[in-house]
Amino acid sequence: MRPERPSFTAAFVAACRGLAPLLPARAQLALDPYGMRVLGARAERWVTRLADAPGPVRALAWAPMLPMFPWALYMQVRTRVIDDAVRAFVADGGRQVVILGAGFDARGWRLREALGDVIVYEVDHPATAALKRERFGAHPFVRALRWNFERDPMPSLVDRLAELGHDRRERTLTLWEGVTMYLTPEAFSATLDAVRAYSAPGSELAFNYIDRALIDRPSVAATAVRAVVRAVGEPFKLGFAPDALRETLREHGFRVLRDRGFEEHARALLGERWARVVRRGRRIALVERTATVVRDDT
Ligand SMILES: C[S@@+](CC[C@H](N)C(=O)[O-])C[C@H]1O[C@@H](n2cnc3c(N)ncnc32)[C@H](O)[C@@H]1O
C-alpha cells in the first residue's frame, strides 16, 4: 500500500459493511453501524434514513451503485463468519483478540456485548490507524499498535503487544481479515511466525484468502478487481491452493480447523438465490496454534 495514505481497500470494505441495511432483510447477516463512518457524517445519515424506507425504495438506492451490491453481500458473509468465530472464542473463555490489519473493523465496539471486558488489540499501518483514531475515537478496551507488516521487524511484534498488556501465556484469537492477499510470501510467513510466538497453544487464527486459481486463471470480473486494487496501490500479491496452504500452516505450527469457500458459507447463510451473487474463489480459514511445530527438513 502507499505508505503515506490510509488504505483505500479498508475504507471500501467498511463502506460495504455499512451498506448492509439497504440489502434485502434475508441478506442482512451482520449490521455494522460504524461502517460508513470513514466516509463521513453525511454518508452515515443517508444510510440511517434509507434503512427505515420501504423495500422498493431501498432497492432503488442501489441503482447508482450497482457494482457495490455483490461486494456488500460478500462482506456480509465474511463479517458474519468471523463474528461467529469471535463469539465462539469468547464463549469458550477466550480473553484476548488481536486484529492484524484492522482497518475500520469495528468489532471492538460493535461486538462489545459479547466481548464484555475482553481486550481487542488492533495492529495496522500507521496511516490507516491514524484515520481510524480520528473517526472512531478511543475505547477503554481497544488498544492500537501502529505497524507495517512489510517493514517492521515481525519478531518484535510479541514484545510490542506485551507493552500494551497482551499476555502470551493466555490464549488469543487473531483475526487477519482482508489482508493476506496484499502481502508478499515473506511477509505472510513472518506474520504466521509472529502470531505463533504471541499465541499460547489452543489459540486460534481466522483469516480469509484468495484461492490461487483466481490469480493464475482469473475470470473477467477478477481481472477487473485486480486492475482496480493495483491502481489504488494495493495489488493482490498472494493466493493459495487450499492443500498447499494446509501444508504451509502445518510447517508454521498451525492446524486447520475449518477452511471453506465463500460459496459454501453463502449457501448456508443466505440461501441458494443470493449465494449465486457472492464472489467466487475466496475462502475463510480458522486454524489453531498447535503445541509443536512440524517442519520437514528433507
Ligand atoms: C482490505 S483492508 C482490511 C481491513 C479490515 N481487516 C477489514 O476487513 O475491514 C487491508 C488492511 O491491511 C492493512 N495493510 C495492508 N498492508 C499493510 C502493511 N504492509 N502493513 C500494515 N498494514 C497493512 C491496511 O492498512 C488495511 O487496514
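Residues numbered from 1 in each chain as written. Predicted model: local features only at pLDDT ≥ 70, side-chain atom pairs only at ≥ 80, totals over all residues. Heavy atoms only, no water.

Peer 1: Can you walk me through helix 2 (residues 41-51) in this structure?
Peer 2: Because each turn of an α-helix spans 3.6 residues, side chains separated by three or four positions end up pointing in the same direction. Within helix 2, burial applies to A43, V47 and L50. The arc enclosing the buried residues of helix 2, seen along the axis, measures out at 70°, which places them on a common side. Pointing more than 90 degrees away from the buried face of helix 2 are the exposed residues R42, T48 and R49. Those residues of helix 2 that are buried lie in contact with helix 1 (8-18) and helix 3 (55-61). (Buried < 20%, exposed > 50% of the residue type's maximum accessible area, 1.4 Å probe, protein only. Helix = DSSP H or I, 4+ residues; strand = E, 2+ residues; numbered from the N terminus. Arc of directions from axis to C-beta. Contact = heavy atoms within 4.5 Å.)

Peer 1: I would appreciate a short explanation of the pairing of strand 7 (residues 282-289) in the present structure.
Peer 2: Two faces belong to every sheet, and in a regular strand the side chains alternate between them. Taking burial as the measure, the eight residues of strand 7 include eight buried ones, the bulk of the element. Here seven bridges tie strand 5 (residues 204-210) to strand 7, and the two strands are oriented antiparallel to one another. What sits directly across from Y209, in strand 7, is R283. Judged from the seven bridges that link them, strand 6 (residues 254-261) and strand 7 form a sheet pairing that is antiparallel. Directly across from R260, in strand 7, lies its bridge partner I284. (Pairing = 2+ DSSP bridges.)

Peer 1: Got a minute to help me understand the pattern of salt bridges in this structure?
Peer 2: Between side chains of opposite charge, pairing is possible as soon as their charged atoms come close. A complete count under the given rule lists 20 salt bridges for this structure. The network of salt bridges with common partners includes R17, D32, R78, D83, D105, R107, R110 and E177. (Salt bridge = Lys/Arg side-chain N within 4 Å of Asp/Glu carboxyl O.)

Peer 1: Could you clarify how one ought to interpret the sheet that holds strand 3 (residues 142-146) in this entry?
Peer 2: Sheets are built from strands paired through backbone hydrogen bonds, the pairs being either parallel or antiparallel. If you walk across this open sheet you meet the seven strands as 3-2-1-4-5-7-6, and the pairing is mixed. Strand pairing shows two members of the sheet lacking a second neighbour, strand 3 and strand 6, which therefore form its edges. Here the strands of the sheet are splayed against their neighbours by 20° on average, with no regard to which way each runs. Strand direction decides the pairing type here: strand 1 (residues 96-100) and strand 4 (residues 173-176), joined by three bridges, are parallel. Within strand 4, the position partnered with V97 by the bridge is L173. Set on the sheet, helix 13 (residues 262-270) makes contact with strand 6 and strand 7; between it and strand 6 the angle comes to about 65°. (Axes fitted to C-alpha atoms, helices over the stretch in contact; angles between N-to-C directions.)

Peer 1: Explain the side chain of N208 to me, please; I cannot follow it from the model alone.
Peer 2: Locating N208 in the fold gives a position in strand 5. Here the side chain of N208 touches G178 through a polar contact of 2.5 Å, landing on its backbone nitrogen. With residues near it in sequence (within four places) discarded, N208 still touches Y74, R78, W176, E177, G178, T180, M181, R283 and I284. (Polar contact = N/O pair within 3.5 Å; in protein donor to acceptor, adjacent residues only side chain to side chain.)

Peer 1: I keep staring at the site of the ligand and nothing clicks. Help me out?
Peer 2: Close contacts around the ligand come from 21 residues, with R78, G101, D124, F149 and E177 the closest. Here T128 contributes a side-chain N or O atom positioned 2.9 Å from an oxygen atom of the ligand. N148 has a polar side-chain atom sitting 3.0 Å from a nitrogen atom of the ligand. Taken by itself the ligand offers 590 Å² of open surface, and the protein chains cover 98% of this. Among the elements that line the shell around the ligand, the one with the most residues is helix 1, at four residues. (Near = heavy atom within 4 Å. Areas by Shrake-Rupley, 256 points an atom, 1.4 Å probe, with all protein chains shown as cover.)

Peer 1: For this particular structure, what's the right way to read the packing of aromatic side chains?
Peer 2: Remark: the centre distance and the inter-plane angle together describe each pair of aromatic rings, the angle taken between the planes. Counted according to the given criterion, the structure contains 15 aromatic pairs. Ring geometry for Y34 versus F136: centroids 5.7 Å apart, planes at 20°, classification stacked. Linking Y34 in the loop between helix 1 and helix 2 with F136 in helix 7 (residues 126-136), this pair joins segments that are 102 residues apart in sequence. For the pair Y209 and F240, a centre-to-centre distance of 6.3 Å together with 75° between the ring planes defines the contact as edge-to-face. One end of the pair, Y209, is in strand 5; the other, F240, is in the loop between helix 11 (220-231) and helix 12 (242-251), and 31 residues separate them in sequence. There is no split in this pair, since Y209 and F240 are both buried. Through a chain of ring-to-ring contacts, the aromatic side chains of F8, F12, W71, Y74 and F262 assemble into a single cluster. If you follow R37 out to its NZ or CZ, it ends over the ring of F136, 5.8 Å from the centre. Lying over the aromatic face of Y74, R282 brings its terminal NZ or CZ to 5.8 Å of the ring centre. (Phe/Tyr/Trp six-rings, centres within 6.5 Å; stacked < 30°, edge-to-face > 60°. Lys NZ or Arg CZ within 6 Å of the ring centre and 35° of its normal.)

Peer 1: What is the right way to read the nonpolar core from this model?
Peer 2: Where a protein is soluble and globular, its nonpolar side chains tend to be buried together. Core analysis: the biggest nonpolar cluster contains 41 residues, and L19, L23, W62, L73, V77, L270 and V278 have the highest contact counts within it. Breaking this core down by element, the ones donating at least two residues are helix 1, helix 2, helix 4 (68-91), helix 10 (212-216), helix 11, helix 13 and helix 14 (272-275). Among the elements that make up this core, the one with the highest residue count is helix 4 (nine residues). One finds W147, L192, A194 and F254 within the second-largest nonpolar core, a separate group that totals 32 residues. (Core = buried A, V, L, I, M, F, W, Y, C linked by side-chain atoms within 4.5 Å.)

Peer 1: Whenever I open this one, the pairing of strand 2 (residues 119-124) confuses me. Can you help?
Peer 2: Among the six residues of strand 2, six are classified as buried, and the element is accordingly described as predominantly covered. Pairing analysis gives five bridges linking strand 1 to strand 2, with the strands arranged parallel. Residue V97 lies in a different strand from strand 2, and its bridge partner there is V120. Alignment of strand 2 against strand 3, held across five bridges, turns out to be parallel. Opposite V123, over in strand 3, you have L145 as the bridge partner. Note on the crossover from strand 2 through helix 7 to strand 3: the handedness is right-handed. (Right-handed = clockwise from strand over helix to strand, strands pointing away.)

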